[in-house]
Structures are given as structure tokens and as C-alpha cells.
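If you want the building blocks of each chain, they are given just below.
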Amino acid sequence: MQPGVADAACRYNRLQHASSRPRSGRVQSGDGREQPFLPLRPPMNPKAPNGTPRILVVDDELVVRDSIKEWLDEAGFGVDMAASGAEAVEMLGRQSYGLLFLDVKMPGMDGMEMLRRIKSIKKDSIVIMMTAFATVDTAVQALKEGAFDYVTKPFDPDDLTHLIRNASKQITLSEENKILKDRVTALENVDNLIGNSEAMQQLLRDIQSVAQSNASVIITGESGTGKELVARAIHANSPRRFFPMISVHCGALTESLLESELFGHEKGAFTGAVYNRKGRFEMADNGTIFLDEIATISVKMQVELLRVLETKSFVRVGGTKEIKSDFRVICATNRDLRSMVDKGLFREDLYYRLNVVNIHVPPLRERTEDIPILAEYFAGKYCSAMGKPPV
């Protein structure tokens, strides 16, 4: 028998054997009752043993399912099959899959309905739609609903393998991104705010309360009490924590330098401006800007800061283009801003714009019960840094 004829015969026999299985997804038990026909429970890991994503193919056509399974098995992918949307939903309840192929046209629950259901449960699922009746409208609708890609029958095995490789890279990237975000969350916490006193516990409660909002915050307290640590704790526990917190020490800069630092400048705006430079407000887009020693800024800068807070837009020094930026403002000061407002040294409208929430950091003399805890913390920290045994 010629090789081509032999291959065809083998495929015919295999399909004939497969077609003898019930299409309805149910089989007769020994006592004559129908029972769900499901494969053995697959492993819970969404990846195959070789690290590739485990795949679920959902198609009501037996020939298509068997052909795809043969190709993917030969390529080394772990793959399971479902003959209907209902069967696939039942399998998804017992097993996680890294990648799903869904046929658009199926009796009962069609592919588009199943895509929406999958995305409502797990938004980052990688789903590829399949159809023999390709139209632009259907493809666009599938992509809008969150499909990773859209392929038409008949398939080229090489194209299918290439598509799965690309999807695998996307899955790996998403997993690495999640791990990175978890690490950032673990690193940025309030562990540096140490103390068991009631004053410190109230401070931690205040941080937790204000962190989830976008309200502007003024942190007050004497020098050295840890106002910037409080600002970082607020940012680290806020929805903006995956974007930068940009710090500006207003008291260390002259008016002209502070203006350039906050708003940025265009090339040639002043002597020494040899290139365009982003300002701190622009760098803090989607994040938080921390303005330390806010009481030291000039009246002119107070006016400019008020406008930026009202419009969330600004113009670089020497520029004409208005730049938008979405940021949260946290300020700190060791002065009494209310008293400065009464004396005319600080704008009242800016004060109320900034002082939506006020958090006061108590000095150590008001929480002396925290001294032993702090002594133990710093002793351990510096012994570790110097390679010495803890005292």
C-alpha cells in the first residue's frame, strides 16, 4: 500500500473509532441510565509537564478536535478536548487551562457566549476563537470581547504552533508581571513605622484610612519624626502604588530652581538648558508627588502650585504646550500653616486645597513607651549591616 493511502486509511480508522463514541457527551451505565461522558480528571496545574500552557479545545466537530489534538500532541503540548460549551464549563470547574481554543459556531452555548463567561471569571485568560465562517464583524467582535486572536479553518499546523508559542510568551509575561507586583507590594509596607504606643497605632490607622482615597494630605510634625516615611506608607498602600512616588524637597531649592524642578523645562529656556527635561509633576503621572517643607515656597510658587492642583495641567519653563498629569499630592511641614495663613504668609485657598486630610506625626517624647522597641530595632539593623552578632 502506498504511504499516502496508508496514512489516509489510518486516519479513516481513527476517525471511525472516534465517531463511535457518543456525540452528546453522555454514555449508558451498566443499569441503563445515562451518565456524563468526561475524560479522566486532568492535572490541576495549568501548564503541561514541559512548562507549556495546558490547552483546552472546544469544538462540536469530532474531526476538528481529533486533528488538532494529533497536531498538538506531536508538538509536545498538553491538550484536552470538549465537544460543547457545557462540557467545557464543567471541565473548567475542575481544571485550570493556560490557553483555550473556542469554536464560534456551536449548538447550545456558542463560542462568543463562552468567551464572555470565561472573561467574566478570569479576565486574563488567553482565548483563541476558531471558525470556518470568517467575517470581519465576527473577528472584531471577538477581539473586543477579549479574545487573544482569531483563526479560520482549515488550519495550517505550523501556523497553529506559532500562534500557541506567541500566546505562551504572553502567559509567561503576565505571570512575571504578577510576581513583580507581589514583590513590590511586599517590599513597600509600613514596617519602618515602629511602635506599639496608642499614638503610633492611631497613626497607622490614619494611614490605612486615607491611603485608598485620592485626597490631598498634609503631614505635620517636628523635624526627624518620620514624615516622609508616613508619606511613603500612604503611597505604598494606595491604588497608585505601582506607579512612582516622586519626592521634592522644596526648602533646598531656590524659586527658579524649584519651578524648573516641578514643571520641567524646554531646551534653551535658560542658560544651561541644553535639552528638554521632564518636571516632577510629569514624572509623577498616575503616582504620587511628595512636597516636603511646603511652607518654604514663595508666594509666586504658591500661585502656580494652586493652578496645577486645580487643573492637573502645566506648561514647562520656556514651553507653550500644556501637559496633563494625574497625580496625588502629599505635603509635609514642620511649621504651623494655619498660623502662616492668618499672617498672610501662605495662601488660604492653597491651604484648603492641600489640607483635605491632616495627619500629625507625634515626637518620640510623646510616646516614650516606644523607646525600647526602637532601640532594639536599630541595634539589630546596624549589627546586621556591620556583620556583628545581635546584642
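For the structure itself, look to the data block above.
Here is a short report on the structure shown in this document. Small disclaimer: the values here were computed from a predicted structure and weren't measured. (Residues numbered from 1 in each chain as written. Predicted model: local features only at pLDDT ≥ 70, side-chain atom pairs only at ≥ 80, totals over all residues. Heavy atoms only, no water.)

## Describing the sheet that holds strand 9 (residues 245–249)
In a beta sheet, neighbouring strands are held together by backbone hydrogen bonds and run either parallel or antiparallel to one another. For clarity, the cut-off: Strands were regarded as paired on the criterion that DSSP finds at least two bridges between them. Numbering of helices and strands runs from the N terminus; a helix is a DSSP stretch of H or I covering at least four residues, while a strand is a stretch of E covering at least two. Axes here refer to lines fitted to C-alpha atoms; in helices the fit is confined to the stretch in contact. Angles between the N-to-C directions go from 0 to 180 degrees.
Taking strand neighbours across the sheet as the criterion, the five strands line up as 9-12-15-8-16 in an open arrangement whose pairing is parallel. Across the chains shown, the open sheet's two edge strands, defined by having one partner strand only, are strand 9 and strand 16 (357–360). Strand-to-strand twist across the sheet, computed as the mean angle between neighbouring axes with direction ignored, equals 20°. As defined by bridge partners, strand 8 (residues 217–220) adjoins strand 15 (residues 328–333) across four bridges and the pair is classed as parallel. Counterpart to isoleucine 219 in the pairing with strand 15 is alanine 332.

## Side note on the nonpolar core
Among soluble globular proteins, nonpolar side chains are generally buried collectively. The following threshold applies: As used here, the term nonpolar core means buried Ala, Val, Leu, Ile, Met, Phe, Trp, Tyr and Cys residues forming a set that is joined through side-chain atoms within 4.5 Å. Burial classification: accessible surface area is computed with a 1.4 Å probe over protein chains only, and a residue below 20% of its type maximum counts as buried, one above 50% as exposed, and the rest as partly exposed. Contacts were defined at the residue level, with two residues in contact if any of their heavy atoms lie within 4.5 Å.
Of all hydrophobic cores here, the largest spans 31 residues; its most connected members are Leu262, Phe281, Ile289, Leu291, Ile294, Phe346 and Leu354. Contributing elements (two or more residues each) for this core: strand 9, helix 9 (255–263), strand 12 (288–292), helix 11 (299–311), strand 15, helix 12 (337–342) and helix 13 (348–354). Excluding residues within four positions of it along the chain, phenylalanine 346 makes contact with Ile294, Ala295, Gln302, Leu337, Met340, Val341, Tyr351 and Leu354. Counting 21 residues, the second-largest nonpolar core is a separate cluster that includes Leu56, Val104, Met112 and Ala142.

## A look at the sheet that holds strand 4 (residues 79–82)
As summarised here, the arrangement of the five strands in space is 4-3-5-6-7, forming an open sheet in which the pairing is parallel. With partners counted over all chains shown, the strands left at the sheet margins are strand 4 and strand 7 (149–152), one partner each. Each neighbouring strand pair of the sheet contributes to a mean axis angle of 20°, computed without reference to strand direction. Sheet analysis places strand 3 (residues 55–58) next to strand 5 (residues 99–103), joined by four bridges and oriented parallel.

## Quick look at the packing of aromatic side chains
Note the following rule: Aromatic rings from Phe, Tyr and Trp, taking only the six-membered ring of Trp, are treated as a pair when their centres fall within 6.5 Å; an angle between ring planes under 30 degrees marks them as stacked, one over 60 as edge-to-face, and anything in between as tilted. We count a charge as sitting over a ring when the NZ of a lysine or the CZ of an arginine lies within 6 Å of the ring centre and within 35 degrees of the ring normal.
For the coordinates displayed, the defined rule picks out seven aromatic pairs. Centroid distance phenylalanine 263 to phenylalanine 281: 5.8 Å. Interplanar angle 20°. Geometry classified as stacked. Residue phenylalanine 263 is found in helix 9, and its partner phenylalanine 281 is found in helix 10 (residues 280–283); the two are separated by 18 residues along the sequence. The same class applies to phenylalanine 263 and to phenylalanine 281, which are both buried. Centroid distance phenylalanine 281 to phenylalanine 314: 6.2 Å. Interplanar angle 40°. Geometry classified as tilted. Here the residue phenylalanine 281 occupies a position in helix 10, and phenylalanine 314 occupies one in strand 13 (residues 313–315), the gap between them amounting to 33 residues. The same class applies to phenylalanine 281 and to phenylalanine 314, which are both buried. Over the ring of phenylalanine 327 we find lysine 312, and its NZ or CZ is 5.0 Å from the ring centre.

## Remarks on the packing of helix 7 (residues 198–211) against helix 8 (residues 227–236)
Put simply, the rule reads: Roughly parallel means an angle under 35 degrees; roughly antiparallel, over 145; roughly perpendicular, 65 to 115; everything else is oblique. Handedness of a crossing follows from how the near helix is turned relative to the far one, being left-handed for an anticlockwise turn of less than a right angle and right-handed for a clockwise one. All residues other than Ala, Val, Leu, Ile, Met, Phe, Trp, Tyr, Cys, Pro, Asp, Glu, Lys and Arg, Gly among them, are scored as polar; the first ten of these are nonpolar and the last four charged.
With their axes 8 Å apart at the nearest point, helix 7 and helix 8 run at an angle of 40° to one another. Viewed along their axes, helix 7 and helix 8 adopt a mutual orientation that is oblique. Relative to helix 8, helix 7 is oriented so that their crossing is right-handed. Residue-level inspection shows Leu203, Ile207, Val210 and Ala211 of helix 7 in contact with helix 8, the latter providing Val230, Ala233 and Ile234. The residue makeup of the contact of helix 7 with helix 8, split by class, is seven nonpolar, no polar and no charged.

## Some remarks on a nonpolar patch on the surface
This is how the line gets drawn: Here the term patch refers to residues with relative accessible area over 30% and no salt bridge, with like charges joined within 9 Å and nonpolar side chains (Val, Leu, Ile, Met, Phe, Trp, Tyr) within 5 Å. All accessible-area figures derive from a Shrake-Rupley calculation using a 1.4 Å probe, and residue coverage is judged against the displayed protein chains alone. A side-chain nitrogen of Lys or Arg and a carboxyl oxygen of Asp or Glu constitute a salt bridge if their distance falls within 4 Å.
Together, Phe378, Tyr382 and Met386 make up an exposed nonpolar region whose accessible area comes to about 350 Å². Within the fold, tyrosine 382 resides in helix 14 (residues 371–385).

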